[in-house]
Amino acid sequence: MERRARGWWLLCAAAALAACARGDPAGKSRSCGKVRQIYGAKGFSLSDVPQAEISGEHLRICPQGYTCCTSEMEENLANRSRAELEAGLRDSSRALQTKLATQLRTFDDHFQRLLNGSERTLQDAFPGAFGNLYTQNSRAFRDLYAELRLYYRGANLHLEEALAEFWARLLERLFKQLHPQLQLPDDYLDCLGKQAEALRPFGEAPRELRLRATRAFVAARTFVQGLGVAGEVVRKVAQVPLSAECSRAIMKLVYCAHCLGVPGARPCPDYCRNVLKGCLANQADLDAEWRNLLDSMVLITDKFWGPSGAENVISSVHMWLAEAINALQDNKDTLTAKVIQGCGNPKVNPQGTEPEEQRRRGTLEPQEKPPSGALEKLVSEAKIQLRDVQDFWVSLPGTLCSERVAMSSASDDRCWNGMTKGRYLPEVMGDGLANQINNPEVEVDITKPDMTIRQQIMQLKIMTNRLRSAYGGKDVDFQDASDDGSGSGSGGGCPDDICGRRVSKKGSSSRTTATHALPGLSEREGQSSAAASPLRTPLLFLLPLAVLAAGRPRWR
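1. Here we look at the overall build of the chain
Point 1. A count of helical and extended segments in the chain gives 22 helices and zero strands.
Point 2. Relative to its 556 residues, the chain shows a buried fraction of 50%.
Point 3. Considering only contacts in the chain between residues 6 or more positions apart, those separated by 24 or more positions represent 81%.
Point 4. Element-wise, carbon and sulfur atoms account for 50% of the exposed surface of the chain, whose accessible area totals about 26,400 Å².

What follows is the structure in structure tokens.
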């Protein structure tokens, strides 16, 4: 009997302590006025909100003590907490996407201006510098610049082969113009073409342009592609839904204190971090490859400087073309003798005229470059921004806790620990999926990683490999590993039927596929933003260029 009485008194004492922990005198039912006020402010009806606490056996997420929440209120608040976290994730992702997209368009515009300026200089200066040698072959030069643009835009085009084809066709045309008194049928011109590599009729210009242009264009376009891939990864990861376990944990973190009648208790900082680390465990696994990508992008900017840098080379394409034509004229007699020695003596053209003895030697000045330091400033700003977002994925839980959850400033006896007001004792989990095996707040199955995020990790690896190859001056095939059939995935944006077509000298080209379209400048996104944005959408310039390349007649 004495033991039973003692047990009853212990039970009473425990109940009294629980009531005190909630800030109420023992046994007195508390008003739900503050909870009604907060609930109504969120747009919910107050008709079913109790005036005072009720028994909480019906609660499915919050602790089942005395409560101010009905089942419907708990469900509404759970949906609201999930929506608020999703909005926070979207806002953080959108801010990063905007930053990357702005960088992409700024650099893309800069490189396009350099190439356009080179072509304008050529069109202005070559007629006076070279006369008919240019005007009768202006189509060839336009096609060359069109192909350089297609290559930069990521078309199915091998730059070295495109340049070799250009020089071969140009040699045929110019050789005929320099020898109007001779009959030069196609088989003779084919013989000329076969000897071109040994004869080097254009001097060192073709080789120099090939080596420098390949490195420069690869560096420029790969950097811009990296920005596009990074933005696409952020966009796709932002669409990954929260798990059911995360939704329950977020409700418990944000609104269960309201249901238990202590709406003034803010979540303990470590408690919030554990919940968000569990909810965003898969996202944190992006961290390593994300850092690798950004580090590689910062590194590739070293290739923008110097005589062989992207800025100097892209803006000076016309200089190598002028040098090549001058070399051909200077070496005309020696070249002719070697061609006759190798291909035979061609017949005289009875209707031809004697060649003009006066040679027109073009002397060109490099085009006026953008204001000094323009690219340096762009790169400096980009490096700062890229380094600022390196820890984006692992810092996301802390950022959301600080900016989206009304978190307590300190972990003490007054913060909400998920059960009551009091200090939060569990340790904070590490970052990433594997570290959530013992997360006390979110049940995470570490054996089932999110496949969308795994695909984006693969995209980051692919792009990083391309950047590292580009740093060494090499171009590599780029395949979109995404299974998104919408055409807007990482690496998309330049359909094969637009970018993938070229007409070669002998018919179909034997080139290997190299699709390197710029993600982030996809056709769909370009169309939707063209009207709203004053920035040029590069794909709009790509379409007519692709048509030009696809429909170009063979010329001789």
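2. Structural notes on the environment of Y134
Point 1. Summarising the element assignment, Y134 is placed in helix α4 (residues 132–135).
Point 2. Along the sequence, Y134 and A322 sit 188 residues apart, while their C-alpha atoms lie 9.9 Å from each other.
Point 3. Excluding residues within four positions of it along the chain, Y134 makes contact with L122, Q123, F126, P127 and F141.

3. Examining the pattern of salt bridges
Point 1. All chains considered together, the criterion is met by 19 salt bridges.
Point 2. Measuring nitrogen to oxygen at the nearest pair gives 3.5 Å for the salt bridge that ties E208 to R207.
Point 3. In this structure E208 comes out as partly exposed when scored by relative accessible area, which is 22%.
Point 4. Notably, a salt bridge pairs D413 with R423, separated by 3.9 Å at the nearest N-O pair.

4. Regarding the state of the cysteines
Point 1. Following the criterion strictly, the structure yields seven disulfides and no others.
Point 2. One disulfide bridge connects C32 with C68, the sulfur atoms lying 2.1 Å from each other. Every disulfide takes its handedness from the sign of the S-S torsion; for C32 and C68 that torsion is -90 degrees, giving left-handed. Placement of C32 in the loop between α1 (2–21) and α2 (33–41) and of C68 in the loop between α2 and α3 (71–130) is noted, with a sequence separation of 36 residues between them.
Point 3. On the basis of relative accessibility, which here comes to 0%, the residue C32 falls in the buried class.
Point 4. On the basis of relative accessible area, C68 is assigned to the buried category, the value being 1%.
Point 5. Sulfur-sulfur distance for the disulfide between C246 and C279 comes to 2.1 Å.

5. Observations regarding the side chain of E119
Point 1. Turning to its location among the elements, E119 is positioned in helix α3.
Point 2. A distance of 2.5 Å separates a polar atom in the side chain of E119 from a polar atom in the side chain of R149.
Point 3. Excluding anything up to four places from it in sequence, E119 contacts R142, Y145 and R149.

6. What about the side chain of Q103?
Point 1. The residue Q103 is located in helix α3 in this model.
Point 2. Side-chain polar atoms of Q103 contact the side chain of Q385, separated by 3.2 Å.
Point 3. Among all residues touching Q103, those that are not within four sequence positions of it are L227, L378, E381, A382 and Q385.

7. Side note on unusual backbone geometry
Point 1. The phi torsion at R200 lies on the positive side, around 50 degrees, for a residue other than glycine.
Point 2. Here R200 lies in the loop between α7 (186–199) and α8 (205–238).

8. Digging into the packing of aromatic side chains
Point 1. Overall, the coordinates contain 17 aromatic pairs when judged by the stated rule.
Point 2. Judged by centre distance (4.7 Å) and plane angle (25 degrees), the rings of Y39 and F44 are stacked. Neither residue differs from the other here; Y39 and F44 are each classed as buried.
Point 3. For the ring pair F107 and F111, a centre distance of 6.4 Å and an interplane angle of 35 degrees mean the geometry is tilted.

9. Let's talk about the packing of α3 against helix α9 (residues 244–254)
Point 1. Where α3 contacts α9, the axes come no closer than 8 Å and their chain directions differ by 100 degrees. Taken together, the axes of α3 and α9 are roughly perpendicular relative to one another. Each of E74, L77, A78, S81, R82, E84 and L85 in α3 lies in contact with α9, whose residues at this interface are C246, S247, I250, M251 and V254.
Point 2. Its residues placed into classes, the contact of α3 with α9 shows seven nonpolar, two polar and three charged.

10. With respect to α3
Point 1. If you check α3, its first and last C-alpha atoms are 86 Å apart, about what 60 residues at 1.5 Å a residue would give, namely 88 Å.
Point 2. At D124, α3 shows its largest bend, some 30 degrees, and a proline, P127, comes one to four positions later.
Point 3. Once α3 ends, the next one or two residues include G131, with phi positive near 60 degrees.

11. Brief notes about helix α16 (residues 332–343)
Point 1. Over its 12 residues, α16 extends 16 Å from the first C-alpha to the last, a length consistent with the 16 Å expected when each residue adds 1.5 Å.
Point 2. Those residues of α16 that fall on the buried side of the exposure criterion are K332, L335, T336, V339 and C343. Looking straight down α16, one finds its buried side chains confined to an arc of 100 degrees; they lie on one side. Looking at α16, the residues exposed on the side facing more than 90 degrees away from the buried face are D333 and Q341.
Point 3. Buried residues belonging to α16 abut α6 (159–178), α7 and α15 (317–330).
Point 4. Note on α16: the residue one or two positions beyond its end, G344, has a positive phi of about 100 degrees.

12. Describing the confidence of the model for the chain
For any part of a model where pLDDT is low, the fine detail of the predicted coordinates should not be relied upon.
Point 1. Per-residue confidence for the chain averages 80 on the pLDDT scale, and 75% of its residues sit at or above 70.
Point 2. Low confidence marks residues 1–27, where pLDDT is under 50. Its contacts with residues over four positions away, or in another chain, come to 14 contacts.
Point 3. Counting contacts from residues 478–516, a segment whose pLDDT is below 50, to residues more than four positions away or on other chains yields 112 contacts.

Criteria and thresholds
Residues numbered from 1 in each chain as written. Predicted model: local features only at pLDDT ≥ 70, side-chain atom pairs only at ≥ 80, totals over all residues. Heavy atoms only, no water. Helix = DSSP H or I, 4+ residues; strand = E, 2+ residues; numbered from the N terminus. Buried < 20%, exposed > 50% of the residue type's maximum accessible area, 1.4 Å probe, protein only. Contact = heavy atoms within 4.5 Å. Areas by Shrake-Rupley, 256 points an atom, 1.4 Å probe, with all protein chains shown as cover. Salt bridge = Lys/Arg side-chain N within 4 Å of Asp/Glu carboxyl O. Disulfide = S-S within 2.5 Å. Polar contact = N/O pair within 3.5 Å; in protein donor to acceptor, adjacent residues only side chain to side chain. Phe/Tyr/Trp six-rings, centres within 6.5 Å; stacked < 30°, edge-to-face > 60°. Axes fitted to C-alpha atoms, helices over the stretch in contact; angles between N-to-C directions. Parallel < 35°, antiparallel > 145°, perpendicular 65-115°, else oblique. Nonpolar A, V, L, I, M, F, W, Y, C, P; charged D, E, K, R; others polar. Expected span 1.5 Å × (residues − 1). Bend = angle between axes of the 7 residues up to and from the residue. Arc of directions from axis to C-beta. pLDDT = per-residue confidence, 0-100.

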